[in-house]
Amino acid sequence: MMRKTVYFLLCIIGLLFLFLRLRWIGHLLSWDEAMALCTVRAFKAGGYDHFSNWFWRHPPLFSIIMLLLKPFDAGFAERTELFVIFAAFVSAIFLFLLNKKVYGNETALWSVFFLAVMPGTVFYDTWIKSDCFVSLFGLISILCFTNKKFFYSGLFLGLAFL
């Protein structure tokens, strides 16, 4: 019974997490967000302007994945925002798993609840930046480390830096 209750509460928190973020899809873009979108579009177009050269200035994993989101079709910014929210949601799941392993169910549920409702995370989880991968792969790395899977821990730590 306790297990079902924990997963029920986790689902409720997950829905709250998504509700608070999905309503901001299509927000007014900041400079960094617009720069990231223009950079991917210019690179995909094969341009030789300032935006195309900017593609490789940051670790490329996020930009390469953005290439898969159809940068020339309408709604590219919204698709990218959805992808960032998805990455943040998966990060919350790994945060729950890590805290459950180390501290137990109650702390794990509280941690993802507070992550879901904090205004700062709601803002940053819709922001088009590569930061979502740092937290996602960093949490996976720590979880692998606690499970004594050191090779995978190092692999995901390396991905966190990309």
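Please refer to the structure higher up on the page.
Residues numbered from 1 in each chain as written. Predicted model: local features only at pLDDT ≥ 70, side-chain atom pairs only at ≥ 80, totals over all residues. Heavy atoms only, no water.

Caption draft 1: Here's a closer look at helix α6 (residues 105-117). For α6, spanning 13 residues, the distance from its first C-alpha to its last is 19 Å, which sits close to the expected 18 Å at 1.5 Å a residue. Buried within α6 are the following residues: Ala108, Leu109, Ser111, Val112 and Ala116. Looking straight down α6, one finds its buried side chains confined to an arc of 160°; they lie on one side. In the core, the buried residues of α6 are packed alongside α1 (2-22), α5 (76-102) and α7 (119-124). (Helix = DSSP H or I, 4+ residues; strand = E, 2+ residues; numbered from the N terminus. Expected span 1.5 Å × (residues − 1). Buried < 20%, exposed > 50% of the residue type's maximum accessible area, 1.4 Å probe, protein only. Arc of directions from axis to C-beta. Contact = heavy atoms within 4.5 Å.)

Caption draft 2: A look at the packing of aromatic side chains. Evaluation of the coordinates by the stated rule reveals 17 aromatic pairs. With 5.8 Å between their ring centres and 80° between their planes, phenylalanine 83 and phenylalanine 133 make a pair best called edge-to-face. Here phenylalanine 83, found in helix α5, pairs with phenylalanine 133, found in helix α8 (residues 131-146); they are 50 residues apart in sequence, far enough to count as distant. Judged by its relative accessible area of 5%, phenylalanine 133 is buried. Each ring, one from tryptophan 110 and one from phenylalanine 114, has its centre 5.5 Å from the other, and the planes form 20°; the classification is stacked. Residue tryptophan 110 and its partner phenylalanine 114 are both found in helix α6; the two are separated by four residues, about one turn of the helix. Under the relative-accessibility criterion, tryptophan 110 is labelled partly exposed at 45%. Since its relative accessible area comes to 44%, phenylalanine 114 is described here as partly exposed. (Phe/Tyr/Trp six-rings, centres within 6.5 Å; stacked < 30°, edge-to-face > 60°.)

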